[in-house]
Structure formats: C-alpha cells, structure tokens
Amino acid sequence: MFTAPKKLTSSVCDVSESPFGGRRGVMAISFGDWLNDQLAQRGMTQRELAEAVEVTPAAVNAWTKGRSVPRMDKIQRVAEAFGVPTADAVERRAPQAGSSEAEWVFQPAPADGSRSGGNAAAFAFTADLGVLAREATQNSLDEQLSVQEPVLCRYVLHELSGLPLRRFLDALRWDVLRPHLRAAADRSQKSGRVLADGLAELERTDRLHLLRVDDYNANGLTGPEYDDGRFARVVRRTLDSGKAGVQGGSYGIGKATLWAASRLGLVLVNSVLSEQQDGRTHRRLAGRLELPWHALPDEREYAGPAWFGVRDQERGDSVRSWWADSAAARELLLERESDLPGTSFLVVGAYDGSGVSTELDEMHGSLVKALGDNFWAAMVAGENRPALLRATVEAWRNGEVVVPRTEVDPFTAAPAKSRAVKAFLDGETVSRLTARTDVVATRVPLELPRRKDDPAARSPGVHEAVLLVTPAAGAEEPADRLTMMRATRMVVKSKRVGDLPLGHTNFQAVLLAGAATGRSTPEVTAAELLLRASEPPEHNDWTGTDDLTATYVRGARKRVLDFKTAAEQAIRDLLRVEIPDDDAEEGPAALRELLVLEAPARAGRSVRSSGFPTVRSLTGGVTAAGAWRVEVTVRLPEREASWVLAPTASFVNQDGGRTPVSWAGVLVPGSNCELTPDGHLNFVAGARTATFKGVTDPRSHPVPARVSSLQVELPRARTARAVES
C-alpha cells in the first residue's frame, strides 16, 4: 500500500456534498451527448446499437439528436449493449476502466525530419528536490479552492524493490516502456545521459524511488481532454500556464519540474475534480512520458513524448485520460487519502539532480527544508484568518513507514519572520519597537506604471506594500535580511540589507506586496500584475524581464527597482529608533554619524596601498558597561603567505588626532583567521576577506564611549615583522 493508514484530518472531507458550491454529482451533459460519445469510443454504429436494444435506427438517431430520451428499460438495454453499469447511462457519466485497459501511445516523429532533444521547459530549472517543492507547492496554492481552509500538500517518498517493484512495473506496462527508454538513452545528449543513468541505477540496485505530490482543497485537473482547461495545460501542453491575476506562475514551466525530477521523465496523475467532466469527478488518471527523439531497432522513429490512457477511437493514435476504478489507482500507487478535490502527481524514478540527497531520509530532509524556506509565511495563520497552506513530508519503503509524517512548522523554519506575519494577520503590529517581540509595520509605496495595451489610460496610481520589521530570533535565522513576497506569500527573494546603522540590533524584515497585503483593490491587482511580470522563470526576484518590457511603458523596471530600494531605506529609518537589547545600544543618533566605517588616512600620511590588509567594514555598538563592542571585516590582498596582525583601537578626537584605547581581553577570531599564542590574529593564506570581534576596555577610555567614535587599524604584529625580516 502506498497510502498511509490514517485518514486526513481536514474538516472539509464530505464526499457527496461539495463544500465549495453544491453537489459535484449533478449531471452536466445530455443523454444524446453521452450516447454519441459512447458510440464513438466503441466504433459502434447507430444501426448496431438499434439491433442490440431492439429498436429502430430512427429511434436511436432521435436519442443522439436529443429529440427524445429512452424509457428506463431501454436505458438499461443500452447500458448492457455497451457493457457498462446502468448508473453510468442514467447519470450520463463516462464508464470506469481498470489499469489493464490503459496503454502507452508514443508520438511518431514528424515527416520533415526535425528532432527534439526533450522538453526544453524541463531544463529551465535545476532538477533538485528543493526546486520541485517550490514550484509544485506554488502551483497547488494557485489552485486553492476554498479560502476558508488551507491547501494541504502531502509529499510522500516511496522506495520499491523486489516483488512490490515488479507489481508496480507490470501495472505501468514496463515491457512497452523499456525499449523506448533504452533507445532514448543517448549519452551524447543531456536528457539521454539522465535516462541512461536512471536505467543503470534501476538495473544495478533493483530499487526505484517514487515521489507522490498530493494536494487537497485544490481545483483538480478540470476541463476537457484536448481543449483549453487545467487538464490539457498540465498533461498535454508545455509553456501554457493559463494563470492570471494574483496567481504565482506566468511562464507555464513550473509543472515541468515534476518531469525533470524523474530520472525516467515519467509522471502519472490522479485527480479528483472540483467540477464534473464526462459526468464524473473522481479518479481521473493519466500519464505522460517526456523523452527526446529516438528510433527503435526496427527503425521506427518517435518524436519523444508518450501518453498513458485508454485508446481514443475518434483520434486514432491517441489515448485519453480515464476514470479509473479503485483497483487501478491502488495498482499504480495513486490511491488518495480523501475525496477532497485536488491532484496526485507520481514522479517515477524520483531523484535529487543536485546529488545532495540520495537516500530516503536525506530526500525527506531536503523537502522539509525547502518547504519551510519557501512557504513559512503561507503556513502562518491568524486568530481569525486560516493559513493558506499546510505541508507534510513522509517516507515509505515497500509499504512500511521509514520516516513518519512530518508537518512543516513555520515557527521552526523562520521563527522571527513567522512572528511578524502572525502579528500582521492579528492586527497586533506597532509603530515603534519597545520590546524584543514587537513587530513594527510601515508602508512602502510602489509607483504603478501604465500598460502598453492601454497607454492613454490615466496612471494606475500607487500601491502601498506593507513592511514588517522585528528583532531577530538569535542564531536560528540569518539576520538583517529582507524577505519579499506577494500573492500566496511564497518567498520571492531574501537578501541581506546593507549600510545599516552602526550598533543596530539584528532584525528580520518582511515585505508584503500585492495580494499578500490582504487587501482587494484595483491597485493591489495592478501591483500583482506588475510584480509577476517582473519575475524571471524561477520567480526569485523582482527585476527587469522581457515580459515586463513588452507589457509596460518605459520606466517600469526603474519603478520596480525603486520599490525594493525604498523598502531597504525604510528599514534603515526604522532602525535609527533604538531597539531594546539585553546588553547593547547604539547611542544618540547625532553621534552615530561620527562613527568611522573605514580606516581613514592619518594626517600627513597616505592611505595604505591595496597590498596591505584594510578594514572593509566596522559594525557594533556601545554596551551597557560603556564599552565599544565591534565586528570588523577585513579586506585581504592576494598573497600566498598568511598575515599576522595586531589590530588596534583608538578614539578619534575632534581635531583629527587619535587616542589609543585597549582591548578588554583577547580578540575573537571569526572567518578565515585564528588566534596566535601571542594574542595576535593569523589570517589564512589565500583568503580575501576575514572577520573578527573585539570589546574595548572602558578603563582605558579618555571619554565615555557614548560621546566618541571608534577607529580600528591593522598593523603587523612585531613577531611577524621579525620573521619576515
């Protein structure tokens, strides 16, 4: 069994009654349409059906035209003629099929001799589990059905070997797939090398990794088989997202990460639909195989892609998705835990293309980390506002649990930032930081440019994004960072903020733009469209893109960049107000401007050349005991030997002179340096930067530290001079 023994605990689990707008079982097509489809799929004529049902051909023709509807006894005879349950005919729904009726159909190579090396969209991303988790979960959030409940994303790793592996491969028609996979495994091509490696690994180890990505409370793969709709966009098309408004994606290539995460280029799907298709909603199954051009030994050539389904008699060399019975879903390891709408994607031959994670426990850890890093904000709930997302990860081996189900906790992944978002959702932000758990909220303007499709329209105005700032939570997160997001609160980018006030307390900042502000106005929608157009395919920045240039008038890129710059400046402005700290403070604002960040030239002497270490940056503050506590970043010139230095500290006098002060104890080495027995610092040979920390001794201060500015210099240690001379 692939599914866990426990049922989902979500409150929206009613099978028969849709919590998202009426019964999902209401008939959607006429009996005539249903009858025509069944005749076509069986290649049966109206005359043949009339003979089987013992009516005239004219009566059958009237049924197909919708001019009349047969009596119940005749409907039963029609169902018998088709070999389907009477209920299927009464409810006008497509019959279910077992896995034995499904087959693979490969797309023939074009007659013009053109060839494809694989799905180009799959190469737009790095094929690692972190990217897969980011893109697949974003797609699930974009398909949220009920805003009253979170989307539930369940990631299940499963390792098969021995008899369970044989059974699965038989259900997958491995005897049909293997010749095509071998033919496409051309090591001279990138996609071929991945295939060859995957086949070799399967044969060598006799094991196969699967990754199931389930979402619940999502729309599911609705829509017709071939025409526009969610099913066709995901299973049949590439570079077609169909997304608009506040949804996250725009390039239609995020779904390609599922296929890129398979060594075999193979993904199966099972979807529960939020609205009927062919009279059904449950267990819509299909499969797609992404291969490059290849030729079998019999010289038949194939374009590459193949689809798994039941034969479509109307289209010849095509297969359709099929409404599977529960046995088929179990055999293909696609059985879902709940009847909630949503989709299960089964990545066959799952792997981490980065090579970082190879075993189940490592892959489990990579998924948990990626979900926490990218979606912690979407997982935060307010007192009266549900979270947008819940995510779990688990690992199985031949039906037995290896790593239990782990629910990703936003307050573990990003404690301070999650605290900030929760305070915003609960309306508990403040205007000034007075405690270590406070969250300040301020507004950051985004000037909205005009679109090229309506250049005569007046300016869309200004969107006010929300900036949250709160003290950092110790060493649990990299500090002094700005995290940007929109729409469904997926992290777009996290960056370190520079040029901060000296001695500031470490912080976390969150920029909520567009729909992430929780507002619904024309400016919010305009901001979403602008920022979505400014995102590259990875959705990892707001910058200039070809889509932005094609959609907006000149100057749009500058407005986006100015928006990010304004957010960073707003952080600096907030930090100029003192944040309480246990043992450090910045001192008066007027004095902070006097602090020296780079080692200046001495009066009458030139600045040291680039051939000697220099102070790159100096940050710190005055402690409650009246000492300067600083962290120094050193720029090191290229040199094969190490540097041994004896850093000194001094107060800068008003006349430009300096008064040396003493360090309290020894200096604390950071990156690329170590303490010598003499108490000096030995900087690693070949390093270009290094850091160390130090605290001055207040007893050596000529004046209180609060009314001083500090300078650090880097003379050579005397012992080092002696050695070099």
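How each quantity is defined
- Residues numbered from 1 in each chain as written.
- Predicted model: local features only at pLDDT ≥ 70, side-chain atom pairs only at ≥ 80, totals over all residues.
- Heavy atoms only, no water.
- Pairing = 2+ DSSP bridges.
- Helix = DSSP H or I, 4+ residues; strand = E, 2+ residues; numbered from the N terminus.
- Axes fitted to C-alpha atoms, helices over the stretch in contact; angles between N-to-C directions.
- Left-handed = near helix turned anticlockwise from the far one by under 90°.
- Contact = heavy atoms within 4.5 Å.
- Nonpolar A, V, L, I, M, F, W, Y, C, P; charged D, E, K, R; others polar.
- Core = buried A, V, L, I, M, F, W, Y, C linked by side-chain atoms within 4.5 Å.
- Buried < 20%, exposed > 50% of the residue type's maximum accessible area, 1.4 Å probe, protein only.
- 1 Å grid on protein atoms, 1.4 Å probe; cavity = no way out; pocket = protein on both sides within 12 Å on 5 of 7 lines; lining within 4 Å.
- Points joined across faces, edges and corners; volume = space filled by probe spheres on them.

Draft legend 1. Focus on the sheet that holds strand 18 (residues 481-486). The five strands lie next to each other as 16-17-20-18-19, forming an open sheet whose pairing is mixed. Strands at the two margins of the open sheet, each flanked by one partner only, are strand 16 (440-448) and strand 19 (490-496). Here the average twist between neighbouring strands, direction ignored, is 25 degrees. Pairing of strand 18 with strand 19, which is carried by six bridges, proceeds in the antiparallel orientation. Paired with Arg481 across the two strands is Arg496, which belongs to strand 19.

Draft legend 2. The packing of helix 2 (residues 46-53) against helix 4 (residues 72-82), seen in detail. Their axes nearest at 9 Å, the elements helix 2 and helix 4 cross at an angle of 115 degrees. Crossing handedness for the pair helix 2 and helix 4: right-handed. Residues Leu49, Ala52 and Val53 of helix 2 form the contact with helix 4, whose own contacting residues are Lys74, Arg77, Val78, Ala81 and Phe82. Residues of the contact of helix 2 with helix 4, tallied by class, amount to six nonpolar, no polar and two charged.

Draft legend 3. Summary view of the sheet that holds strand 24 (residues 643-645). In space, the three strands of this open sheet follow the order 24-29-28, with antiparallel pairing throughout. What marks the edges here is a single partner per strand, and that holds for strand 24 and strand 28 (673-675). Here the average twist between neighbouring strands, direction ignored, is 25 degrees. Pairing of strand 24 with strand 29 (residues 681-683) involves three bridges; the strand directions are antiparallel. Along strand 29, the bridge assignment pairs Leu645 with Leu681.

Draft legend 4. Broad picture of the nonpolar core. Judged by nonpolar contacts, the single largest core of 43 residues is most densely connected at Tyr155, Leu211, Val235, Leu258, Leu367, Leu371 and Leu389. A total of six residues in this core trace back to one element, the largest contributor, which is helix 13 (residues 360-375). Other than its neighbours up to four places away in sequence, Leu367 contacts Leu129, Ala133, Tyr155, Leu157, Leu211 and Val393. Among the nonpolar cores identified, the runner-up in size contains 38 residues, and Ala171, Leu195, Leu289 and Ala324 belong to it.

Draft legend 5. Quick look at the layout of surface pockets. The computed volume of the second largest pocket comes to approximately 560 Å³. In terms of lining, the second largest pocket is formed by 22 residues, of which the most central are Gln144, Val147, Leu388, Ala487 and Ala515. Of all the secondary-structure elements, those providing two or more residues to the lining of the second largest pocket are helix 6 (129-142) and helix 16 (522-533). Its residues placed into classes, the lining of the second largest pocket shows 10 nonpolar, seven polar and five charged.

Draft legend 6. Looking closely at the pairing of strand 25 (residues 648-652). Direction of pairing for strand 25 relative to strand 31 (residues 710-713): antiparallel, over a ladder of four bridges. Paired with Phe651 across the strands is Leu710, a residue of strand 31. Pairing analysis gives four bridges linking strand 25 to strand 26 (residues 658-661), with the strands arranged antiparallel. When the sheet's bridge partners are listed, Ser650 is paired in strand 26 with Pro660.

Draft legend 7. Fine view of the environment of Val439. Residue position: Val439 is located in the loop between helix 15 (415-425) and strand 16. Taking relative accessible area as the criterion, Val439 reaches 3% and is therefore assigned buried. C-alpha separation for the pair Val439 and Val421, spaced 18 residues apart in sequence, amounts to 8.8 Å. Excluding residues within four positions of it along the chain, Val439 makes contact with Arg419, Ala420, Ala423, Thr429, Val430, Leu433, Leu468, Val469 and Thr470.

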